[in-house]
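Structural features, examined
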Amino acid sequence: MIVIAHLSDIHIGATPESVPRAAAVMRYLDALPGDLDAVLVTGDIADHGAAEEYETAGKLLSSRHPVLAGPGNHDVRAEFRRVLLGGEPSGEPINQVLRTDRAIYAMCDSSIPGEDAGHLEEETLDWLEGVLDGADLPVFVAFHHPPVTLHTPPVDGIRLHETGRLEALLTGRANVPAVLAGHAHVAAATTFAGLPLLVGGGVVSTITLPWEGGTSFGNCVDYDLPPVIAFHVLDDEGRMTTHYRVIP
Ligand SMILES: [Fe+2]
Ligand SMILES: [Fe+2]
């Protein structure tokens with residue numbers, strides 16, 4: 001059995017509460033009695049993409065569990081790479097793979113520098129295809145922008161666009177248990193390419209839904225609702241289950 005913790009959108013520097021909220025989540029995970037297979041953080045790590053925000057995020061996200069964090073539309077590739085990953089500050093897509101004993105995690109960069117909407121560059125899709133074709137373990141595919149509408153009007157317009165090649169790449173992949181995304185700041189479960197598409201809640205805030213009154217960015221961002229994270233479980237029969245946990 002594989003157990004993954006999935007959190008998203010910590011937005012360090014967005015609000016004074018961004019740091020304590022992310023810290024509470026990581027404290028919760030580090031206090032678990034057992035080890036997780038992985039902790040995946042699906043983007044919007046630093047609210048302004050600033051070096052000091054990545055320094056803070058790096059400390060907050062250090063854990064006894066393996067952690068894989070990818071970029072979102074609020075992130076800046078060069079600083080993300082330089083401060084968080086300790087690499088050269090290039091503007092190329094930040095595509096990362098984490099391999100553990102039991103699974104492979106492919107974190108794709110769906111950001112478009114300077115824009116809010118998402119896109120997977122050909123380079124990223126080529127890279128993902130290589131990871132999938134060469135995999136001898138289940139591959140969890142993760143990126144920031146959901147590739148479908150989620151009935152969250154403000155976010156739906158800035159979702160992942162031009163999803164045709166991704167859909168073709170994933171359709172029929174028996175070794176991909178699920179696709180994980182963030183960006184929507186609301187925990188959601190749907191499907192894409194015939195696979196579970198599991199969207200992480202926002203740690204920094206929650207976006208409320210139209211039937212709750214959330215119809216635009218002006219009225220949908222709730223900073224009082226507590227962070228929600230997910231535990232995704234892949235059992236030995238290959239079946240996925242997701243549990244959601246509110247972090248007080
Ligand atoms: Fe976000
Ligand atoms: Fe985002």
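About the thresholds
- Residues numbered from 1 in each chain as written.
- Chains lettered and ligands numbered in written order.
- Predicted model: local features only at pLDDT ≥ 70, side-chain atom pairs only at ≥ 80, totals over all residues.
- Heavy atoms only, no water.
- Helix = DSSP H or I, 4+ residues; strand = E, 2+ residues; numbered from the N terminus.
- Rg over C-alpha atoms; globule rule 2.2 N^0.38 Å.
- Buried < 20%, exposed > 50% of the residue type's maximum accessible area, 1.4 Å probe, protein only.
- Contact = heavy atoms within 4.5 Å.
- Donors = N, O, S within 2.8 Å, 3.2 Å for Na, K, Ca; no water.
- Tetrahedral: all angles 85-135°; square planar, octahedral: opposite > 155°, others 65-115°.
- Phe/Tyr/Trp six-rings, centres within 6.5 Å; stacked < 30°, edge-to-face > 60°.
- Axes fitted to C-alpha atoms, helices over the stretch in contact; angles between N-to-C directions.
- Parallel < 35°, antiparallel > 145°, perpendicular 65-115°, else oblique.
- Left-handed = near helix turned anticlockwise from the far one by under 90°.
- Nonpolar A, V, L, I, M, F, W, Y, C, P; charged D, E, K, R; others polar.

1. Quick notes on the overall build of the protein chain
Across its full length, the protein chain holds 7 helices and 13 strands. Its C-alpha radius of gyration of 16 Å places the protein chain within 12% of the 18 Å reference for a compact globule of 248 residues. Counting only C-alpha atoms and orienting by the principal axes, one finds that the protein chain spans roughly 45 × 40 × 40 Å. Scored against the burial criterion, the 248 residues of the protein chain give a buried share of 56%. Counted over contacts in the protein chain with a minimum sequence separation of 6, partners at least 24 positions apart contribute 67%.

2. So, the coordination of the iron ion (ligand 2)
Looking at the iron ion (ligand 2), one finds its protein donor set to be Asp 44 (OD), Asn 73 (OD1), His 144 (NE2) and His 183 (ND1), positioned 2.1 to 2.2 Å from the metal centre. For the iron ion (ligand 2), the 4 donor atoms in the first shell make angles of 87 to 163° at the metal, so the coordination geometry reads as irregular. Taken in chain order, the donor set of the iron ion (ligand 2) reads D-x28-N-x70-H-x38-H. In this structure, the iron ion (ligand 2) lies 3.4 Å away from the iron ion (ligand 1), the two metals sharing Asp 44 as a donor. Here Asp 44 is found in the loop between β2 (38–42) and α2 (51–60), whereas its partner His 144 is found in the loop between β6 (139–142) and α5 (153–156), with 100 residues between them in sequence. Pair check on accessibility: Asp 44 and His 144 agree, each one buried.

3. Some details on the coordination of the iron ion (ligand 1)
Taken together, Asp 9 (OD), His 11 (NE2), Asp 44 (OD) and His 185 (NE2) make up the full set of protein donors to the iron ion (ligand 1), lying 2.0 to 2.2 Å away. Considering all 4 donor atoms around the iron ion (ligand 1), angles at the metal cover 87 to 177° and the coordination shape is irregular. The sequence pattern describing where the donors of the iron ion (ligand 1) fall on their chain is D-x1-H-x32-D-x140-H.

4. Here we look at the packing of aromatic side chains
A full pass over the atoms with the stated rule returns 2 aromatic pairs. Summarising the aromatic geometry, the rings of Tyr 54 and Phe 80 are spaced 5.5 Å apart at their centres and angled 65° between planes, so their arrangement reads as edge-to-face. In this pair, Tyr 54 is assigned in helix α2 and Phe 80 in helix α3 (residues 77–84), connecting sequence segments 26 residues apart. Since its relative accessible area comes to 0%, Phe 80 is described here as buried. Aromatic side chains Tyr 105 and Phe 140 sit 5.5 Å apart centroid to centroid with 15° between the ring planes, which places their arrangement in the stacked category.

5. Here we look at the packing of α2 against α3
The geometry of α2 relative to α3 is characterised by a closest axis approach of 9 Å and an angle of 45° between their N-to-C directions. When the axes of α2 and α3 are compared, the pair comes out oblique. As α2 runs across α3, the sense of the crossing is right-handed. Where α2 abuts α3, its residues Ala 51, Tyr 54, Glu 55, Ala 57 and Gly 58 lie against Glu 79, Phe 80, Arg 82, Val 83 and Leu 84. Here the contact of α2 with α3 is composed, by residue class, of 6 nonpolar, 1 polar and 3 charged.

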